[in-house]
There are 4 protein chains.
Amino acid sequence: MSVDLEGPEPLYRQIAAVIAGRIKNGTYRPNRAVPSEAQICEEFGVSRRTARSAYAVLAEQGLIITVPGRGTFVAPQSSEPPAGP
Amino acid sequence: MSVDLEGPEPLYRQIAAVIAGRIKNGTYRPNRAVPSEAQICEEFGVSRRTARSAYAVLAEQGLIITVPGRGTFVAPQSSEPPAGP
Amino acid sequence: MSVDLEGPEPLYRQIAAVIAGRIKNGTYRPNRAVPSEAQICEEFGVSRRTARSAYAVLAEQGLIITVPGRGTFVAPQSSEPPAGP
Amino acid sequence: MSVDLEGPEPLYRQIAAVIAGRIKNGTYRPNRAVPSEAQICEEFGVSRRTARSAYAVLAEQGLIITVPGRGTFVAPQSSEPPAGP
DNA sequence: GTGGTCTAGACCACT
DNA sequence: GTGGTCTAGACCACC
């Protein structure tokens, strides 16, 4: 769940992977908020720039959507929902 | 740990061998950075071109990987890790 | 250019009318910024909510457009431009 | 060909539009370099951050491709070539 | 020389 | 509070 500051993988990609994992395992659920950019800065100890880059990756993958002034949310039908019928 | 300026072995191969040795004996560990090209230039007193050639050899052997904008790193499962279970 | 705190007209409408006047007489020109919400607060001594309400009126009239992260601007071809051909 | 620093459109989008126009009208031709990020900074008087954002837009549209250490280039079959058979 | 990554800070509208 | 935009600076590998 943590990132490797000294590893070869860019920080923003590591963070994106961590958040993507939480979305896929149901920690963050569809139509619910993911941590704000500021919270990402705190949790991973990175600048806002890096936090935004991480979320840009996830948005490009369609996993999250951002709403100016409101926040960032897990996309409605992202990947595999944690529970079926 | 030094190089032989007058021997038959090309400088860049001598340097590559030194670095490979440090990787194999655990001085440089998997997923951690090796010295930057600039640091190689300083340590061995060589040009940047020579430093690059040395790292090209190591990359071809799969010992290191380079990541644009982040640096050069020891490959994840390179050769023998310094400590077992 | 001032507002009437005791009159029947809501503050935000009075402010909207003042700004609309400045747009129409060319004080604020097309594609140029109008005062930020914070500046409206200062100039008229109102709360941010009131400033926002005033600008909401102008946006509804098509006189201004807002761009997240950049500011608020006079619409491209708003009403009567100050100078003809 | 210039940008409006005070207009509502974000700078990076204005720059992206200018470069896209030059690609479409043949000023910049397929498989040829577009201005480097540094040149964009100079020509439009913006920071490198803004220059990169502009090129990110064009890359997303498939108009350009970037090659680390080499430069940025017009994509091979971008849009309408300026001359037919 | 090139682009890729990262930091620390700012101001804006929006809720 | 939120995200969107922008600046000024840095270090890195790559050519």
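Residues numbered from 1 in each chain as written. Chains lettered and ligands numbered in written order. Predicted model: local features only at pLDDT ≥ 70, side-chain atom pairs only at ≥ 80, totals over all residues. Heavy atoms only, no water.

Draft legend 1. Broad picture of the overall build of chain A. Looking only at helices and strands, chain A features 3 helices and 2 strands. From first element to last, N terminus to C terminus, chain A shows the α and β order α-α-α-β-β. Burial status across chain A gives 42% buried among its 85 residues. Across chain A, the fraction of contacts at a sequence separation of at least 24, relative to all contacts at a separation of at least 6, is 51%. Put simply, chain A shows about 5,200 Å² of open surface, and 49% of that area lies on carbon and sulfur atoms. (Helix = DSSP H or I, 4+ residues; strand = E, 2+ residues; numbered from the N terminus. Buried < 20%, exposed > 50% of the residue type's maximum accessible area, 1.4 Å probe, protein only. Contact = heavy atoms within 4.5 Å. Areas by Shrake-Rupley, 256 points an atom, 1.4 Å probe, with all protein chains shown as cover.)

Draft legend 2. Region of the structure containing the interface of chain A and chain B. Counting from both sides, the interface comprises 8 residues of chain A and, opposite them, 7 residues of chain B. Contact with chain B buries area across many residues of chain A, yet Asp4, Glu6 and Pro8 of chain A alone supply 73% of it, more than any other trio. Remark: the boundary between chain A and chain B carries 1 salt bridge. For Asp4 of chain A, the salt bridge identified is with Arg32 of chain B, shortest N-O distance 2.7 Å. At the surface where chain A touches chain B, the tally comes to 4 residue pairs in polar contact (both at pLDDT 80 or more). Across the side of chain A that touches chain B, the residue classes tally to 4 nonpolar, 1 polar and 3 charged. (Buried area = accessible area lost by both parts, 1.4 Å probe. Salt bridge = Lys/Arg side-chain N within 4 Å of Asp/Glu carboxyl O. Polar contact = N/O pair within 3.5 Å; in protein donor to acceptor, adjacent residues only side chain to side chain. Nonpolar A, V, L, I, M, F, W, Y, C, P; charged D, E, K, R; others polar.)

Draft legend 3. View of the layout of surface pockets. Residue and element names in this part refer to chain C. In this structure, the second largest pocket encloses a volume near 330 Å³. Among the elements of the structure, helix H2 (37-44), helix H3 (48-60), strand E1 (64-67) and strand E2 (71-74) are those that each provide at least two residues to the lining of the second largest pocket. Residue composition of the lining of the second largest pocket, by class: 8 nonpolar, 4 polar and 4 charged. (1 Å grid on protein atoms, 1.4 Å probe; cavity = no way out; pocket = protein on both sides within 12 Å on 5 of 7 lines; lining within 4 Å. Points joined across faces, edges and corners; volume = space filled by probe spheres on them.)

Draft legend 4. Spatial organisation of the protein's contact with DNA strand E. Inspection of the region around DNA strand E gives 31 residues, with Leu11 and Thr50 of chain A, Arg48 and Thr66 of chain C together with Arg48 of chain D positioned closest. When the atoms of DNA strand E within 4 Å of the protein are sorted by group, sugar and phosphate make up 64%. At a separation of 3.5 Å, a phosphate oxygen of DNA strand E approaches a polar backbone atom of Glu37 of chain C. In this structure, a base nitrogen belonging to DNA strand E sits 3.1 Å away from a main-chain N or O atom of Gly69 of chain D. For the surface near DNA strand E, the secondary-structure elements that each account for two or more residues are helix H1 (11-24) and helix H3 (48-60) of chain A, H3 and E2 of chain C together with helix H3 (48-60), strand E1 (64-67) and strand E2 (71-74) of chain D. With 3 residues, the single largest contributor to the surface near DNA strand E is H3 of chain A. Along the lines of polarity and charge, the residues of the surface near DNA strand E split into 7 nonpolar, 14 polar and 10 charged. (Near = heavy atom within 4 Å.)

Draft legend 5. Just the protein's contact with DNA strand F, in detail. Every one of the 31 residues lining DNA strand F counts as a neighbour, but Arg48 of chain A, Arg48 and Thr66 of chain B together with Leu11 and Thr50 of chain D are closest to it. Considering the 4 Å shell around the protein, atoms of DNA strand F inside it are sugar or phosphate in 65% of instances. A distance of 2.4 Å separates a phosphate oxygen of DNA strand F from a polar atom in the side chain of Thr66 of chain B. Those elements that provide at least two residues to the surface near DNA strand F are H3, strand E1 (64-67) and strand E2 (71-74) of chain A, helix H3 (48-60) and strand E2 (71-74) of chain B together with helix H1 (11-24) and H3 of chain D.

Draft legend 6. Representation of the pattern of salt bridges. Overall, the coordinates contain 14 salt bridges over all chains when judged by the stated rule. Note that Arg48 of chain D and Glu37 of chain D form a salt bridge whose closest N and O atoms lie 2.9 Å from each other. With Arg48 of chain D in helix H3 and Glu37 of chain D in helix H2 (residues 37-44), this residue pair connects regions lying 11 residues apart in the sequence. Judged by its relative accessible area of 17%, Glu37 of chain D is buried. Overlapping salt bridges bring together Glu37, Arg48 and Arg52 of chain A as one network.

Draft legend 7. Main features of the pairing of E2 of chain B. Residues and elements named next belong to chain B. Note: strand E1 (residues 64-67) against E2, 4 bridges, orientation antiparallel. Residue Thr66 lies in a different strand from E2, and its bridge partner there is Thr72. Remark: 3 residues form the turn of the hairpin made by E1 and E2, two consecutive strands paired antiparallel; Gly69 in that turn has positive phi of roughly 85°. (Pairing = 2+ DSSP bridges.)

Draft legend 8. Structural detail: the interface of chain C and chain D. Counting residues at the interface gives 7 residues for chain C and 8 residues for chain D. Buried surface at the junction of chain C and chain D, summed over both partners, amounts to about 590 Å²; 48% is from carbon and sulfur atoms. It is Asn31, Arg32 and Arg70 of chain C in chain C that bury the most area against chain D; as a group they hold 74% of the surface buried on that side. There are 4 residue pairs in polar contact (both at pLDDT 80 or more) connecting chain C and chain D.

Draft legend 9. Geometry of the environment of Arg52 of chain D. Within the secondary structure, Arg52 of chain D sits in helix H3. Separated by 16 residues in sequence, Arg52 of chain D and Ser36 of chain D have C-alpha atoms that sit 9.8 Å apart.

Draft legend 10. The arrangement of the UniProt feature "domain: HTH gntR-type" (unreviewed entry) in chain A in detail. The sites that carry the UniProt feature "domain: HTH gntR-type" (unreviewed entry) are, in the present numbering, residues 9-77 of chain A. Within the segment residues 9-77 of chain A, helix and strand shares are 51% and 12% respectively, and the terminal C-alpha atoms sit 28 Å apart. (UniProt positions renumbered as here; feature names shortened; annotations may be inferred.)

Draft legend 11. Summary view of the packing of H2 of chain D against H3 of chain D. Residues and elements named next belong to chain D. Running from N to C, H2 and H3 point in directions that differ by 110°, and their axes come no closer than 9 Å. The pairing of H2 with H3 is recorded here as roughly perpendicular in orientation. Handedness of the crossing formed by H2 with H3: right-handed. The residues of H3 that touch H2, namely those facing Glu37, Ile40 and Cys41, are Arg48, Ala51, Arg52 and Tyr55. (Axes fitted to C-alpha atoms, helices over the stretch in contact; angles between N-to-C directions. Parallel < 35°, antiparallel > 145°, perpendicular 65-115°, else oblique. Left-handed = near helix turned anticlockwise from the far one by under 90°.)

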